[in-house]
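So the chains spell out like this:
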Amino acid sequence: MKRFITKYVSLLLATLIIVGGMTSCVLANQEEPEVTAYTPVTIQAPEGTIFMHTGSPLILSGETIKPLDSKNLDVAATVKSGRTLVPLRAVSEHFGANVSYDETSRTAIISYGGVEYLFPIDASHYVIKDGNEKTEVTMDVTSQILNDRTMLPVRVISEDILGKQVGYFERIISISDTAVDLEGNKDLVKSIKDRIGSALKPNSEAEVKMAMNRYENEMKLYMDGGVMREDAAVEEAAPAEATSNDSAGDGFSETNVQVEGVDEADIIKTDGKYIYYAGSNVVRIVKADQGKMQEAGIIRMALSKHVREIYLDNDRLVVLGNRYEQEDCEVEEGNVYEKEVAVAEDMMICPPYYYGKNFSYMDVYDVSNPDNPMLIKGHEMEGYYESSRKVSDVVYLITSTHPYGDGIMPLMRETTNGQKATEVKLDDVMIMPEFPASGYLVVSALDIQTNDTTEVEAIAASGYDFYMNTSGLYIAGNDYEGNSTIIKFALDGLNVGYAGSTKVKGDVLNQFSMDESNGYFRVATTIWGQERSNALYVLDESLNIVGSVPEFATGERIYSVRFMGDKAYVVTFRNIDPLFVFDLSDPTDPTITGELKVPGFSNYLHPVGEDLILGLGRETYELFTRDEKGKETAVGFREGGIKCSLFDVSDMGKPKEVTKLVIGSSGSYSEALYNHKAIMIDSTNEIMAFDAWIRDDDKEGQSEQQAVLVSFADRDLEIVGTLKGTESEAYGSDIPYGRRVMYIGDYLYYIQDGVLVSYHYETLKKVDTLAFQ
């Protein structure tokens, strides 16, 4: 389905039209916008100049963007009592000064040019110590501790101590050896704001609310057919490698993930001894012993909680999902609804005109004794569960939330401490003045092994796809000009902070469209417009575009992407399936080295060797019309069965489809076509397995649910077995739903909507069946 998404699309009425087996999306009374390219202006400033922006935790030097404080990502230049304060250590050390701190006297010390400058905290003076001479200098503002860092007036540090020139205009700060004309250079100001001023820490809740009100106003204007101005005024406060995680060598399968070392949550996890199966409002724990199964324990959540996914790490189980909280049913005496409310309260529900709140949650259980799992800590964030990742002992939860009523800040609580829900601190919130949104994306970082408090970072923005490696999180969204907005968060354990944002032309398909390698972020997009096209971009650590392939596969769209080190593989489709090979070894000059055109398309690409890629998608057949003279004209295509392809990419200039395998006929379906976590990869035995609904035209269109095992050994594709769907059924709130295939040692386990069936891996002989009650 064509993906035309803007930050307003959730409020638009869409009409779905099915044409020739393809689905397209037409927005009522809206013409497709002309896509405009985004090209930031190169920074032109004296050598050695640094730029800051009040409210931004970033510093810009040349084209390089870095955090002001890599150990504390909340630190930002700010305005207090009409004076601009900057972090003492960040600025001083950048220009070669030494910084120390005397905890006994609570004094920050700058050593520069053989002179010491002493700043007592909360004092409106500092002392210059030059040899034996001491001079006290009065300031019109006190030195302060904000976010655990000493903050001082920018001119005191930069001009009085370091001997630099300070410029200030529209919240931008410049520090350099010679004066920088900010006011007279609008292009420079815009370029700086694009780089470090896109997301800012608000000075007050009123500023947050103002930004969200701007979204509502622009949305109304958009729906009325008006034009939104890029320079719409915002009243300002006073200046104030990726590989799959198959782990066959460990003797049991793990979740198929995008990035090595970054786990992804799923409905099924195993440690090789127990199977944890999550869904509805339960987690069922099953002991698996040589194919024999016995339920060992069960975690029943409150009825208000819905379980989405889980993580398993040794003796820690993390349960993630959504919880609905009904607000109290309070009415004034004599209210017309008083009787209805009374009845509703007796039924422990509220009538439909009462609002409730949704929370995403993550609960951590000790499962060292799987028979008796114990809840040890938990975290809730107002909103809806979007995604998550896990690195080492830290789980990163991503929540989207849209405040309503008088409250503007999202609520959070540490659930196991019995704490009442509290608002996210203003210091942990960012707003994007040029890209207003109606809600927040919130990243919560929780350590599953310690009692440390959950750290949160919220940004007033929207996003729909998430890529994460061990040091960064990238969130992709859309603006109304046909660009993808990319927001980056830096990650270091519980230390989470905004690290920059940018735009690239086109629309991101999914998480596999993004990747980071050797400090370069790569992203592939489809550009929607009067003439559809695609692009691939390479960005440096500061999110500057350093290389691109701005246009390829005109008239087609991206169906799948896989980045592998200094190579990328992109599948596009219209009537046939081109596989493009990209050489990314020179980040400044990415190039297409080869192209293969074959029928069908791949929705997912998986590396199964140094020079082999396994594709999973659909077969297609071209449709033709024939005129009076017998001339055939292609008019479209018809989808066939599920297609597995094996591509040889050893020659980057000539990729080849070594072999293909088509499973079933048109109408066959598998969750694996859109969810990589539904695929089992056993690299040791060179087997891929997935659940599918297979339709067979040779059997009069009969359909059957089954698990399919496909061997990719010896550069060939072959179905080596199928596991029949069970006739057993399980229903109820205590029954998890979802279908997966996994292995533990010599046994396969086919999980089917609350029913588990085990088989001997080699013979595929059924061993045991367990149906939950």
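Residues numbered from 1 in each chain as written. Predicted model: local features only at pLDDT ≥ 70, side-chain atom pairs only at ≥ 80, totals over all residues. Heavy atoms only, no water.

Asker: An account of the overall build of the protein is needed here, citing residue identities and associated values.
Answerer: Secondary structure assignment for the protein yields 5 helices and 55 strands. Summing over all exposed atoms, the protein offers an accessible surface of approximately 34000 Å²; the carbon and sulfur share of this is 45%. (Helix = DSSP H or I, 4+ residues; strand = E, 2+ residues; numbered from the N terminus. Areas by Shrake-Rupley, 256 points an atom, 1.4 Å probe, with all protein chains shown as cover.)

Asker: Requested: an account of the sheet that holds strand β34 (residues 483-492), with residues and values cited.
Answerer: One open sheet accounts for 4 strands, arranged β32-β33-β34-β35; its pairing is antiparallel. The strands lining the two open edges of the sheet, one partner per strand, are β32 (465-468) and β35 (495-505). For this sheet, the mean inter-axis angle between neighbouring strands, taken without regard to orientation, is 20°. Across 7 bridges, strand β33 (residues 472-478) lies against β34 in antiparallel orientation. Counted as the bridge partner of Tyr474 is Lys488 from β34. (Pairing = 2+ DSSP bridges. Axes fitted to C-alpha atoms, helices over the stretch in contact; angles between N-to-C directions.)

Asker: Describe the side chain of Asp648, naming the residues involved and giving the relevant values.
Answerer: In this structure, Asp648 sits in strand β46 (residues 632-648). Take Asp648: its relative accessible area is 6%, and that puts it in the buried class. Of note is the side chain of Asp648, whose polar atom sits 2.7 Å from the side chain of Ser650. In terms of polar contacts, Asp648 uses its side chain to reach the side chain of Arg715, at 2.6 Å. In this structure Asp648 touches Asp611, Leu612, Lys654, Pro655, Lys656, Val658 and Arg715, once residues within four positions along its chain are discounted. (Buried < 20%, exposed > 50% of the residue type's maximum accessible area, 1.4 Å probe, protein only. Polar contact = N/O pair within 3.5 Å; in protein donor to acceptor, adjacent residues only side chain to side chain. Contact = heavy atoms within 4.5 Å.)

Asker: Can you tell me about helix α3 (residues 186-196), naming the residues and giving the values?
Answerer: Of the residues making up α3, those classed as buried are Leu188, Val189, Ser191, Ile192, Asp194, Arg195 and Ile196. Residues of α3 that are buried sit in contact with β3 (50-53), β4 (58-61), β5 (64-67), β15 (165-169), β16 (172-176) and β35.

Asker: An account of the nonpolar core is needed here, citing residue identities and associated values.
Answerer: Residues Phe51, Ile192, Tyr396, Ile459, Leu473 and Phe489 are the most contacted members of the largest nonpolar core, which totals 51 residues. Sequence-distant contacts of Leu473, defined by excluding residues within four places in its chain, comprise Ile398, Val443, Phe466, Tyr467, Met468, Ile487, Lys488, Phe489 and Leu491. (Core = buried A, V, L, I, M, F, W, Y, C linked by side-chain atoms within 4.5 Å.)

Asker: Before we move on, could you go through the side chain of Thr150 and cite the residues and values that matter?
Answerer: Take Thr150: it is sitting in strand β14 (residues 149-153). With residues up to four places along the chain from it excluded, the contact list for Thr150 reads Val86, Pro87, Leu88, Tyr101, Ala108, Ile121, Gln144 and Ile145.

Asker: Lay out the sheet that holds strand β27 (residues 411-413) in plain terms, naming residues and giving numbers.
Answerer: Sheets are built from strands that pair by backbone hydrogen bonding, the pairs being arranged parallel or antiparallel. The antiparallel open sheet is built from 6 strands, whose spatial order is β21-β22-β23-β24-β27-β28. The open sheet has two edge strands, β21 (305-313) and β28 (422-423), and neither has a second partner. As defined by bridge partners, β27 adjoins β28 across 2 bridges and the pair is classed as antiparallel. By the bridge assignment, Met412 is partnered in β28 with Thr422.

Asker: Explain the pattern of salt bridges to me, using residue names and the numbers behind them.
Answerer: Pairs can form between side chains of opposite charge once their charged atoms are near each other. Tallied over the entire structure, the rule returns 39 salt bridges. With its nearest N and O atoms 3.5 Å apart, the salt bridge here joins Asp122 to Arg106. With a gap of 16 residues between them, Asp122 in the loop between β10 (115-120) and β11 (125-130) and Arg106 in the loop between β8 (98-102) and β9 (107-112) connect regions that are remote in the sequence. You can call Arg106 partly exposed: its relative accessible area is 37%. (Salt bridge = Lys/Arg side-chain N within 4 Å of Asp/Glu carboxyl O.)

Asker: Which residues make up unusual backbone geometry, and what are the values?
Answerer: Of note in the backbone geometry, Ser81 takes a positive phi value of approximately 50° without being a glycine. The topology assignment puts Ser81 in the loop between β6 (78-80) and β7 (83-87). Residue class for Ser81 comes out exposed when judged on its relative accessible area of 69%.

Asker: Account for the environment of Val75, naming residues and giving values.
Answerer: Counting through the fold element by element, Val75 comes out in the loop between β5 and β6. The spatial distance from the C-alpha of Val75 to the C-alpha of Val86 is 8.8 Å, given a sequence separation of 11 residues. Aside from chain neighbours lying at most four places away, what touches Val75 is Ser56, Pro57, Leu68, Asp69, Pro87, Asn147 and Arg149.

Asker: Break down the pairing of strand β23 (residues 356-366) for me, citing the residues and quoting the values.
Answerer: Burial within β23 is extensive, with 10 of its 11 residues counted as buried. Note: strand β22 (residues 316-326) against β23, 11 bridges, orientation antiparallel. The residue bridging Arg316 from the neighbouring strand is Asp366, located in β23. Bridge count for β23 against strand β24 (residues 374-382) is 8 bridges, and the pairing is antiparallel. Across the sheet, residue Met362 finds its bridge partner in β24, namely His379.

Asker: With reference to specific residues and values, describe the packing of aromatic side chains.
Answerer: Aromatic rings considered in pairs are described by the distance between their centres and by the relative angle of their planes. A full pass over the atoms with the stated rule returns 12 aromatic pairs. On the basis of an interplanar angle of 65° and a centroid distance of 5.2 Å, the ring pair of Phe552 and Phe580 is categorised as edge-to-face. Separated by 28 residues along the polypeptide, Phe552 in strand β39 (residues 545-552) and Phe580 in strand β42 (residues 577-583) bring together distant segments of the chain. By the burial criterion, Phe552 is buried, and Phe580 matches it. Between Tyr559 and Phe573, the aromatic rings sit 5.4 Å apart at their centres with planes inclined by 75°, giving edge-to-face as the arrangement. Of this pair, Tyr559 sits in strand β40 (residues 557-564) while Phe573 is found in strand β41 (residues 567-573), placing the two residues 14 residues apart along the sequence. Residues Tyr559 and Phe573 agree in their burial class; the two are buried. (Phe/Tyr/Trp six-rings, centres within 6.5 Å; stacked < 30°, edge-to-face > 60°.)

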